[in-house]
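# Working through the structure, step by step
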Amino acid sequence: MIDIRQATLRWCATVAIVIAFGGCVTAPPASRTTLEQQVSTHEHAFARTMADRDFAAFSTFIATDAIFFTGPTPLRGKEAVTAGWKRFYERPAPPFSWTPDEVEVLDSGTLALSSGPVRNPDGRIVSRFTSIWRLEAPGVWRVIFDRGNEVCDCAKAP
């Protein structure tokens, strides 16, 4: 038979220990190198959705409150972003590709930037993308801001 008094004392002791040590024990934060690798892996997988023509997978990388600077007016929110980008996934061949060549993560480990070249179907660099990623759950990064910028043909510049 369970002794209620003893069970209550054990429960109170457990609560006191948890409070004394500041709550739940959590895993140590990941190193910046590990987080940068996570973001790079996510960015490569994000880009692969275009190559694979997988629009459903594309949408899983977009945060609900994301803003994409695609065209003259920013696309605000996941619904607007996916509606605006669906056209890029409708044809059999991808209209462009991208890959990161730069990834940085804040020391807090919650926000990251990825950037790299965007290439046309012929492989020529036509712009450079910059994406801001937010850590939404352990190991789950989603894009919150995305913008492409034209590249300068500096050899032709005055």
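Below you will find a few notes about this structure. None of the values given here were measured: they were computed from a predicted structure.

### Overview of the packing of aromatic side chains
The final tally for this structure, using the stated rule, is 15 aromatic pairs. Measuring from ring centre to ring centre gives 5.3 Å for F46 and F58, while their planes differ by 15 degrees; the resulting arrangement is stacked. Taken together, the residues span a long stretch of sequence, with F46 in helix α2 (residues 32-51) and F58 in helix α3 (residues 55-60) at a distance of twelve residues. Here the aromatic rings of F58 and Y89 are separated by 5.2 Å at their centres, their planes lie at 45 degrees, and the arrangement is tilted. Of the two residues, F58 sits in helix α3 while Y89 sits in the loop between α4 (78-85) and β3 (97-98), which places them 31 residues apart along the sequence. Taken individually, F58 and Y89 each receive the classification buried, so the pair is uniform in this respect. An aromatic cluster is built from F46, F55, F58, F61, F68, W85, F88, Y89, F96, W98 and W133, whose rings are joined through pairwise contacts. Stacked on the ring of F55, the Lys or Arg K86 has its end atom at 4.8 Å from the ring centre.

### Observations concerning the nonpolar core
Counting 28 residues, the largest nonpolar core has F46, F58, F68, W85, W98 and W133 as the members making the most contacts within it. Elements with a minimum of two residues in this core: α2, β1 (62-69), α4, β4 (102-105), β5 (111-119), β6 (125-137) and β7 (140-150). In terms of residue count, the dominant contributor to this core is α2 (six residues). Not counting residues within four places of it along the chain, the set of residues in contact with W98 comprises E43, F46, A47, M50, W85, Y89, P117, V118 and F129.

### Describing α4
Turning to α4, its buried residues number three or more, namely V81, T82, G84 and W85. With its buried residues spanning 165 degrees around the axis, α4 presents them on a single face. Set apart from the buried face of α4 by more than 90 degrees, the exposed residues are E79 and A83. Against the buried residues of α4 lie α2, α3, β1, β2 (75-76), β3 and β7.

### Some details on the side chain of N120
Within the secondary structure layout, N120 lies in the loop between β5 and β6. The class of N120 is buried, set by a relative accessible area of 15%. Excluding its chain neighbours within four sequence positions, the residues that come into contact with N120 are P95 and V126.

### Things to note about the pattern of salt bridges
Scanning all chains against the criterion turns up seven salt bridges. Put simply, R32 and D107 hold a salt bridge, and the shortest N to O gap is 3.8 Å. With a gap of 75 residues between them, R32 in helix α2 and D107 in the loop between β4 and β5 connect regions that are remote in the sequence. By relative accessible area, which is 45% here, R32 ends up partly exposed. Residue E136 pairs with R134 through a salt bridge whose shortest N-O separation is 2.9 Å. We classify R134 as partly exposed; its relative accessible area is 24%. Ionic contacts of the salt-bridge type, sharing partners, join the residues D65, R134, E136 and R142 into one network.

### Focus on the side chain of S115
Topologically, S115 is positioned in strand β5. Within the structure, the side chain of S115 is placed 3.5 Å from the side chain of T130, a separation counted as a polar contact. If we skip the residues at most four places from it in the chain, S115 touches T99, P100, D101, E102, R128, F129 and T130.

Reading the values: rules and limits
Residues numbered from 1 in each chain as written. Predicted model: local features only at pLDDT ≥ 70, side-chain atom pairs only at ≥ 80, totals over all residues. Heavy atoms only, no water. Phe/Tyr/Trp six-rings, centres within 6.5 Å; stacked < 30°, edge-to-face > 60°. Helix = DSSP H or I, 4+ residues; strand = E, 2+ residues; numbered from the N terminus. Buried < 20%, exposed > 50% of the residue type's maximum accessible area, 1.4 Å probe, protein only. Lys NZ or Arg CZ within 6 Å of the ring centre and 35° of its normal. Core = buried A, V, L, I, M, F, W, Y, C linked by side-chain atoms within 4.5 Å. Contact = heavy atoms within 4.5 Å. Arc of directions from axis to C-beta. Salt bridge = Lys/Arg side-chain N within 4 Å of Asp/Glu carboxyl O. Polar contact = N/O pair within 3.5 Å; in protein donor to acceptor, adjacent residues only side chain to side chain.

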